[in-house]
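Observations on chain architecture
Each chain is listed here by its residues.
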Amino acid sequence: MFDIIVCGAGVAGFCAAVAAARMGMKTALIEKYNTPGGILTVLGNNSIDQFNNPFRKENKMVIAGIGWEFVLRLHKEGYARIPDMNAVWENHEQYGVKVNPVAAAKIMDDMLLESGAELYYGQSLADAETENGEIKSILVTTKQGLKKLKAKIYIDCTGDGDLAAFSGASFTAGNGNGTFQPGTLRYYPAVNAEDKILNYGDNKNHVKLNVTDSNLITKAEIESRRMIFSEMQKGAKIMAVAPQVAPREGRRIKGLTEMNSADYCKGTVFEDSICYTYWFVDIHRDNEPSYIKYIKHENTPTVRLGSLISKDIKNLMMAGRCISTDRETNSAIRVKSSCMAMGEAAGTAAALAVKDNIEVKDISVEKLKDTLDKNGAIIPHKERSFEEMMRR
Ligand SMILES: Cc1cc2nc3c(=O)[nH]c(=O)nc-3n(C[C@H](O)[C@H](O)[C@H](O)COP(=O)(O)OP(=O)(O)OC[C@H]3O[C@@H](n4cnc5c(N)ncnc54)[C@H](O)[C@@H]3O)c2cc1C
């Protein structure tokens, strides 16, 4: 019996598992690939946006914690490029921290093992058993057959919201009517890297992708490989592609609170706001430019604890791109540093609930914020300077 099981070892699940295990929780991390990191490592998008709000006059850093610690560890070894977060760049992407995905997965392994988390790589979540509004156990696929695992609290960090779907929790998928943001098959150019951080193939290979239906996923995979092949025939030198089309959007699990884009763009800080997030509303579309809505410069949006707790299943939490928001907000909170901050918050909240033997909805938000602050995360109204963050 585990205290906490985290499903999905993307950036959100990585931070959730490290946070929970560091607090002494017996923690399991389930991941369908043999490598942690999700879209950051396996699926080939190696940019982590955005740790800062560049429009603040001072103390521009709005996200730190385990995600920033991970970046600094990579940076010390030469495997992360951290831009000047105080500079005024023309475009948000220039604030992205670029990492080497091989080194990133290795440092994730290290930090997870140091935290004491138990790792279940190459093992897919296959089902969940729910009784009286509570998950009793989950089934994972292993080389020895199906295995049942149990925990007091489960955190869905699958990005697609698979655990929520298996457990019967309510959700909205995409626009609710079969339309999703397109996915992208990332490719690896056949060139020698000039430094330790490779640049990947760009985002032009958009393909329709519905991650809630395996048959449609199969179609999208075949179509995207055909697109890449046709680029190769036109002369593109491509050495390899990611093992899967990277999804921008899946299920949004219904939480105690559903964050909305009006509050998001205003940067409203709520009593239960437990971390900042920084990106604009950015819905990619099939054959037209992205739908974009910028946030008010001086404000920084936040993530609410209520959006990390399922409204239907009392021991189910979520972090990363499957939390409870409207569609516009989802397109903003999905960037990686935000997913990292909410992963750490979810893992910490779950640990506090287990320690006090209470439901996660009943934990003290003040205690959660104090714990996050003490552990090095940034909580609302405690922004930090870039200089201080680089000294950590
Ligand atoms: C093409 C593309 C470009 C992007 N560009 C940027 C960018 O430049 N900067 C930026 O910050 N963000 C970018 N994003 C967004 C960002 O990368 C993702 O939203 C973010 O990484 C999501 O993190 P996550 O941990 O929630 O999910 P994921 O990274 O998707 O991790 C989920 C993990 O769960 C695992 N999993 C899923 N289902 C199961 C299951 N049933 N059983 C076990 N494991 C399972 C997956 O294998 C994966 O490891 C981009 C996204 C895409 C698709």
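These numbers come from a predicted model, not from an experiment.

**Examining helix α8 (residues 336–355)**
Compared with an ideal rise of 1.5 Å per residue, which puts 20 residues at 28 Å, α8 spans 28 Å between its outermost C-alpha atoms and is within 8% of the ideal. With respect to burial, α8 is a largely interior element, 19 of its 20 residues being buried.

**Digging into the sheet that holds strand β21 (residues 316–318)**
Strands sit in the order β6-β2-β1-β10-β21 across an open sheet of 5 strands; the sheet is parallel. In the strand order of this sheet, the two ends are held by β6 (118–120) and β21, each with one partner. Direction aside, neighbouring strands of the sheet carry axes that sit 20 degrees apart on average. Judged from the 3 bridges that link them, strand β10 (residues 151–156) and β21 form a sheet pairing that is parallel. Bridge pairing in β21 places Ile155 opposite Met317. Contacts between α8 and the sheet are confined to β1 (2–7), β10 and β21, with β10 contributing the most and set at about 165 degrees to the helix.

**What about the site of the ligand?**
Around the ligand there are 37 residues in total, and Gly8, Gly10, Gly38, Gly159 and Gly320 lie nearest to it. Where the shell around the ligand is concerned, the elements lending two or more residues are α1 (11–22), β3 (47–48) and α8. Broken down by element, the residue count for the shell around the ligand peaks at 3 residues, all from α1. Classifying every residue of the shell around the ligand gives 15 nonpolar, 13 polar and 9 charged.

**Points about the domain arrangement of the protein**
Its domain assignment divides the protein into domain 1 (2–179 + 248–391) and domain 2 (183–241). For domain 1 versus domain 2, the separation of C-alpha centres amounts to 25 Å. Listed as interface residues are 17 residues of domain 1 and, on the opposing side, 12 residues of domain 2.

**Describing helix α3 (residues 101–115)**
Between its first and last C-alpha atoms α3 spans 21 Å; for 15 residues at 1.5 Å apiece the expected length is 21 Å, and the two agree. All of the buried residues in α3 are Pro101, Ala104, Ala105, Ile107, Met108, Met111, Leu112 and Ser115. The buried residues of α3 occupy an angular sector of 165 degrees when projected down its axis, which confines them to one face. Facing away from the buried side of α3, by more than 90 degrees, are the exposed residues Asp110, Leu113 and Glu114. Gly116 occupies a position one or two residues after α3 and carries a positive phi of about 95 degrees.

**Quick look at unusual backbone geometry**
A cis geometry characterises the amide bond from Asp49 onward to Gln50, with omega recorded as -20 degrees. By the secondary structure assignment, Gln50 is in the loop between β3 and α2 (65–76). Non-glycine residue Asn357 carries a positive phi angle of around 55 degrees. By secondary structure assignment, the location of Asn357 is in the loop between α8 and α9 (365–374). Take Asn357: there are 7 C-beta atoms within 10 Å of it, and that puts it in the exposed class.

**Here's the deal with the sheet that holds β3**
Strand order in this open sheet of 3 strands is β3-β5-β4, and the pairing throughout is antiparallel. Pairing within the sheet leaves two strands with one partner each, and these edge strands are β3 and β4 (80–81). As judged from the 2 bridges shared by β4 and strand β5 (residues 97–99), these two strands associate in the antiparallel manner. Residue pairing across strands places Ala80 opposite Val99, the latter belonging to β5.

**Topic: the confidence of the model for the protein**
Taken residue by residue, the protein gives an average pLDDT of 94. The fraction at 70 or more is 96%. When pLDDT is averaged over each helix and strand of the protein, the minimum, 76, is found for strand β13 (residues 187–189) and the maximum, 99, for α1.

**Some details on the nonpolar core**
Ranked by size, the top nonpolar core spans 119 residues in total, and within it Ile155, Met317, Ala319, Ala349 and Ala350 carry the most contacts. Element by element, the count of residues in this core is highest for α8, at 12 residues. When residues of this core are assigned to domains, at least three map to each of domain 1 (2–179 + 248–391) and domain 2 (183–241). Contacts of Ala350, omitting those with residues within four sequence positions, involve Ile4, Ala20, Ile153, Ile155, Met317 and Val360.

**Examining the pairing of β10**
By the criterion of burial, β10 is predominantly enclosed, with 5 of the 6 residues buried. As judged from the 5 bridges shared by β1 and β10, these two strands associate in the parallel manner. Residue pairing across strands places Val6 opposite Ile155, the latter belonging to β10.

Each value, and the rule that gives it
Residues numbered from 1 in each chain as written. Predicted model: local features only at pLDDT ≥ 70, side-chain atom pairs only at ≥ 80, totals over all residues. Helix = DSSP H or I, 4+ residues; strand = E, 2+ residues; numbered from the N terminus. Expected span 1.5 Å × (residues − 1). Buried ≥ 20, exposed ≤ 12 C-beta atoms within 10 Å, placed from the backbone. Pairing = 2+ DSSP bridges. Axes fitted to C-alpha atoms, helices over the stretch in contact; angles between N-to-C directions. Contact = placed C-beta atoms within 7 Å. Near = placed C-beta within 6 Å. Nonpolar A, V, L, I, M, F, W, Y, C, P; charged D, E, K, R; others polar. Domains from an automatic or database assignment. Arc of directions from axis to C-beta. pLDDT = per-residue confidence, 0-100. Core = buried A, V, L, I, M, F, W, Y, C linked by C-beta atoms within 7 Å.

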